[in-house]
Amino acid sequence: MSQFIFYIGMVFTLVFVYKVVYIIVAFKARRAGHPEKEEVPLRKYAFLIPARNEEVVIGQLIETIKNQNYPKELYDIFVIADNCTDQTAQIAREAGAIVAERFNQKQVGKGYALDYLLNIIGTDYASKHYDGYFVFDADNLLDENYIAEMNKTFNQGYKVITSYRNSKNYDQNWITSGYALWFLYEAELLNRPRMYLNTSCAVSGTGFLVHSDVIKENGGWVHHLLTEDIEFTVSQIIKGEKIGYCSRAVFYDEQPSTFSQSWKQRLRWAKGFYQVFMNYGKELFQGMIRGKGYRFSCFDMMMTVMPVVVVSMLCIIGNILILLLVPFEGEGLFYTYVMVSTIGVLWIYSLLFGLGLITTILEWKKIRCPNWKKILYLFTFPLFLFTYLPISVVALFKKIDWKPIPHTVVKSLDDLRSRS
């Protein structure tokens, strides 16, 4: 049994060693910097903001969009108040957004809200001829140069672009910092090297731009799994599309602050990964074998969605085997299992700590948090990621529906910039 565990560990190490290469490439990409770009055409955009009972935070997001260093006549703000029972729609209208309201208790989720809003835009605002659509959650805040920076990358020919995701409440507790540090890692140690290597990046939840041609080709927003962002990413990669990343386009979002909220959200994410794997795993595998120019992107995404499935199954199978074999092999097997497992947990903790350390050092000045907390939360970061294991196992068996996470952190950009 100990050899079985050892070999499983070796397989996972070999499979994910390429992400160590990503970290090395990230340093090279950061040294390369950003080449100065000539003047680029100013495109016309629409902001799509699905919001469900977001009266507390929607106003701050709209304010940061209206304060962009970009011609105001070249972008519009659309809010879809989705099954709201509060003043979200009224506050969004007063703030200057174009607001639509939707009430549908059967088709629940961000994907349905986006599709509904896009249909309205296609019918009532077709004359606007938007070049692309930004997608944001109601709790987000945008740096004032966000559109201008995304527009530069958009003009490089990318049809989907994601951006740099920072946090509004990194300093709140070990849960919010765990989320935030992971998203910083995704941005700078996954998407930046992917961009540098000319492979596809990945959309993560919010803060991305989609070319209008993609929406037209898809017939609206057609992604309705529990993790519509990963589904969208995978579907684009299977088509051979490369998703870009703009590190200079910065936005902030709010992370869940209680373990109960975090459990529910990540349970949905884990279930969504299973759904994506079941629905797109075959096509990803085929892309790894036959895809021309996007084989590695398919492999990369397979290694993003598959581990949740594999780790959960191995955890269940391994523990069942131990329970079945202990009566025959004696207590020695159990003690060996405990020893090997303990060593494995400590090894993984060290790796995750190292990952958090590298990310924290690289993004030290951008993390809006007192310095002592930046250090403290390095030690809790691996613990936060460890909690994914029971969540992933439960998600295998539990029926999960989309449910909103309440947002209550009201901060301005000036509030965030004053943190150090």
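Predicted model only: the values in this text are computed from it and were never measured. (Residues numbered from 1 in each chain as written. Predicted model: local features only at pLDDT ≥ 70, side-chain atom pairs only at ≥ 80, totals over all residues. Heavy atoms only, no water.)

### Regarding the side chain of Thr 153
Mapping Thr 153 onto the fold places it in helix α6 (residues 146-154). Since its relative accessible area comes to 5%, Thr 153 is described here as buried. Ignoring any residue separated from it by four or fewer positions in sequence, one finds Thr 153 in contact with Tyr 158, Ile 161, Met 195, Tyr 245 and Cys 246. (Helix = DSSP H or I, 4+ residues; strand = E, 2+ residues; numbered from the N terminus. Buried < 20%, exposed > 50% of the residue type's maximum accessible area, 1.4 Å probe, protein only. Contact = heavy atoms within 4.5 Å.)

### With respect to empty space enclosed by the protein
The full count for this structure, using the stated rule, is 1 cavity of 30 Å³ or more. Considered as a void within the structure, the largest cavity measures approximately 80 Å³ in volume. Looking at the largest cavity, the residues that line it are Thr 162, Ser 163, Arg 165, Phe 183, Glu 186, Ala 187, Asn 191, Ala 202, Ser 204, Thr 206 and Phe 251. Broken down by secondary-structure element, the contributors of at least two residues to the lining of the largest cavity are β6 (160-167) and α7 (174-196). Within the lining of the largest cavity, the residues separate by chemical class into 4 nonpolar, 5 polar and 2 charged. (1 Å grid on protein atoms, 1.4 Å probe; cavity = no way out; pocket = protein on both sides within 12 Å on 5 of 7 lines; lining within 4 Å. Points joined across faces, edges and corners; volume = space filled by probe spheres on them. Nonpolar A, V, L, I, M, F, W, Y, C, P; charged D, E, K, R; others polar.)

### Quick word on the nonpolar core
Ranked by size, the top nonpolar core spans 83 residues in total, and within it Phe 47, Val 79 and Phe 134 carry the most contacts. Top contributing element to this core by residue count: α7, with 8 residues. Contact partners of Val 79, with chain neighbours within four places excluded, come to Ile 49, Ala 51, Ile 58, Ile 62, Ala 92, Ala 97, Ile 98, Val 99, Ala 100 and Leu 117. One finds Tyr 22, Ala 202, Leu 284 and Leu 362 within the second-largest nonpolar core, a separate group that totals 23 residues. (Core = buried A, V, L, I, M, F, W, Y, C linked by side-chain atoms within 4.5 Å.)

### A look at the sheet that holds strand β5 (residues 141-142)
On the basis of which strands lie adjacent, the open sheet formed by 8 strands has the order β3-β2-β1-β4-β7-β6-β8-β5 and mixed pairing. Where the open sheet ends on each side, the last strands, each with one partner, are β3 (98-102) and β5. Across 2 bridges, β5 lies against strand β8 (residues 244-253) in antiparallel orientation. If you follow Leu 142 over to β8, its bridge partner there is Phe 251. Packing of helix α4 (residues 88-95) onto the sheet brings it into contact with β1 (45-51), β2 (75-82) and β3, and relative to β3 it is tilted by some 165°. (Pairing = 2+ DSSP bridges. Axes fitted to C-alpha atoms, helices over the stretch in contact; angles between N-to-C directions.)

### Notes on unusual backbone geometry
You will see that Asn 53, though not glycine, has its phi angle at about 55°, which is positive. Along the chain, the position of Asn 53 falls in the loop between β1 and α3 (58-66). In this structure, His 129 is a non-glycine residue whose phi angle is positive, near 50°. Note on placement: His 129 falls in the loop between α5 (110-124) and β4 (132-135).

### Some remarks on the packing of aromatic side chains
Throughout the structure, instances matching the rule amount to 34 aromatic pairs. Between the aromatic rings of Phe 208 and Trp 221, the centroid separation amounts to 6.2 Å while the plane-to-plane angle is 40°, which identifies the pairing as tilted. Of this pair, Phe 208 sits in strand β7 (residues 208-211) while Trp 221 sits in the loop between α8 (212-218) and α9 (228-238), and the two are 13 residues apart along the sequence. A single burial state applies to Phe 208 and to Trp 221, both of which are buried. Grouping aromatic residues by their ring pairs yields a cluster made of Tyr 45, Phe 47, Tyr 70, Tyr 75, Phe 134, Phe 136, Tyr 146, Phe 154 and Phe 251. Over the face of the ring belonging to Phe 183 we find Arg 165, whose NZ or CZ atom lies 3.6 Å from the ring centre. (Phe/Tyr/Trp six-rings, centres within 6.5 Å; stacked < 30°, edge-to-face > 60°. Lys NZ or Arg CZ within 6 Å of the ring centre and 35° of its normal.)

### A short note on the pairing of β1
Along β1, 7 of the 7 residues are buried, which leaves the element largely enclosed by surrounding structure. Side chains Tyr 45, Phe 47, Ile 49 and Ala 51 of β1 all project onto a buried face; the interleaved residues Ala 46, Leu 48 and Pro 50 project onto the opposite face, where all are buried too. Direction of pairing for β1 relative to β2: parallel, over a ladder of 7 bridges. Its bridge partner lying in β2, Tyr 45 is registered against Tyr 75. Read from β1 through α3 to β2, the crossover connection turns out right-handed. Taken together, the 4 bridges between β1 and β4 define a ladder with parallel strand orientation. Looking across to β4, one finds that Phe 47 is bridged to Phe 134. (Right-handed = clockwise from strand over helix to strand, strands pointing away.)

### Let's talk about helix α2 (residues 18-32)
With 15 residues, α2 should reach 21 Å at 1.5 Å per residue; the first-to-last C-alpha distance of 21 Å fits that figure. For α2, every residue scored as buried is listed here: Tyr 18, Lys 19, Tyr 22, Ile 23, Val 25, Ala 26 and Ala 29. (Expected span 1.5 Å × (residues − 1).)

### Some remarks on the pattern of salt bridges
This model, assessed by the stated rule, comprises 16 salt bridges. A salt bridge links Asp 82 to Arg 102; the shortest N-O distance between them is 2.6 Å. One end of the pair, Asp 82, is in strand β2; the other, Arg 102, is in strand β3, with 20 residues separating them in the sequence. Residue Arg 102 is classed as buried on the basis of its relative accessible area, which comes to 4%. (Salt bridge = Lys/Arg side-chain N within 4 Å of Asp/Glu carboxyl O.)

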